[in-house]
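Notes for the structure review
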Amino acid sequence: MTRVLILCTHNSARSQMAEALTRDAARRLGFDLEVHSAGTEATRVKDDARTVMNELGLSLDAHTSKTLWNVPDAQNFEYVITVCDSAAEACPVYPGHTHRLHYPFTDPSGGSLDRWRAVRDQLKVQFDAFVGALAEGQPVPATYEASPAVAVG
């Protein structure tokens, strides 16, 4: 089974939303994927993240903020994806078999729900494209701009 880790600074918003969206994309495609998220620091899952994900029918109620060291088998992932610059800089070194990707997204914290929705929707485009490529045995998008829905839309 392919294992994916999505990292952000506090594991409170972007990485939590990306985890749920990635898991949902895999479920919709019938693709067997193990998805985790973590932060360089643990805090709490933000209420606005819960709200905008609930709008898509995806609950973050069982999600908790955690660090990399709280993730099972933390050094054994096929893909490690950072969703903020700070996490990309602090990301530990992974074994040679791990593919590191950086998909930076704006931090919606402190913004309106419309800002949260915009970031959520960008994450959905990116991680739908990521899972779609994996499921089809194609190269995954190297950047947000390289995702098919962004390039076409």
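Let me begin by describing the structure that accompanies this report. (Residues numbered from 1 in each chain as written. Predicted model: local features only at pLDDT ≥ 70, side-chain atom pairs only at ≥ 80, totals over all residues. Heavy atoms only, no water.)

A separate point is the overall build of the chain. Along the backbone of the chain there are 5 helices and 4 strands. For a compact globule of 153 residues, the expected C-alpha radius of gyration is about 15 Å, and the chain comes in at 14 Å, within 12% of that figure. Expressed as lengths along the three principal axes of its C-alpha atoms, the size of the chain is roughly 40 × 35 × 25 Å. Residues classed as buried in the chain amount to 48% of the 153 residues present. Long-range pairs, those at least 24 residues apart, make up 65% of the contacts in the chain between residues at least 6 apart in sequence. (Helix = DSSP H or I, 4+ residues; strand = E, 2+ residues; numbered from the N terminus. Rg over C-alpha atoms; globule rule 2.2 N^0.38 Å. Buried < 20%, exposed > 50% of the residue type's maximum accessible area, 1.4 Å probe, protein only. Contact = heavy atoms within 4.5 Å.)

The next subject is helix 1 (residues 14-29). Here helix 1 is 16 residues long and its end C-alpha atoms lie 22 Å apart, about the 22 Å a rise of 1.5 Å per residue gives. Extensive coverage of helix 1 is indicated by the burial of 12 of its 16 residues. Those residues of helix 1 that fall on the buried side of the exposure criterion are Arg14, Ser15, Gln16, Met17, Ala18, Glu19, Ala20, Leu21, Thr22, Asp24, Ala25 and Ala26. Residues of helix 1 that are buried sit in contact with strand 1 (2-8), strand 2 (33-39), helix 2 (47-54) and helix 4 (113-136). Two residues or fewer past helix 1, Gly30 is found with a positive phi of approximately 65°. (Expected span 1.5 Å × (residues − 1).)

Under the criterion given, the structure shown has 13 salt bridges. The shortest N-O distance in the salt bridge between Arg28 and Asp24 comes to 3.0 Å. Placement of the pair is Arg28 and Asp24 together in helix 1, with a separation of 4 residues, close to one helical turn. Since its relative accessible area comes to 13%, Asp24 is described here as buried. Ionic pairing is found between Glu55 and Arg120, a salt bridge with its closest N-O pair at 3.0 Å. Here Glu55, found in the loop between helix 2 and strand 3 (79-82), pairs with Arg120, found in helix 4; they are 65 residues apart in sequence, far enough to count as distant. Residues participating in the shared-partner salt-bridge network are Asp24, Arg27, Arg28, Lys124 and Asp128. (Salt bridge = Lys/Arg side-chain N within 4 Å of Asp/Glu carboxyl O.)

This paragraph deals with the sheet that holds strand 3. Strand pairing within a sheet occurs via backbone hydrogen bonds; the two strands may be parallel or antiparallel. The strand order 2-1-3-4 describes an open sheet built from 4 strands, whose pairing is parallel. The sheet is open, and its two borders are formed by strand 2 and strand 4 (99-102), each paired with just one other strand. Averaged over all pairs of adjacent strands, the angle between their axes in this sheet comes to 20°, without regard to strand direction. Sheet analysis places strand 1 next to strand 3, joined by 4 bridges and oriented parallel. By the bridge assignment for strand 3, Leu5 is matched with Val80. Across the face of the sheet, helix 1 comes into contact with strand 1 and strand 2 while running at roughly 175° to strand 2. Where helix 4 meets the sheet, it contacts strand 1, strand 2, strand 3 and strand 4, and its direction lies at approximately 165° from that of strand 3. (Pairing = 2+ DSSP bridges. Axes fitted to C-alpha atoms, helices over the stretch in contact; angles between N-to-C directions.)

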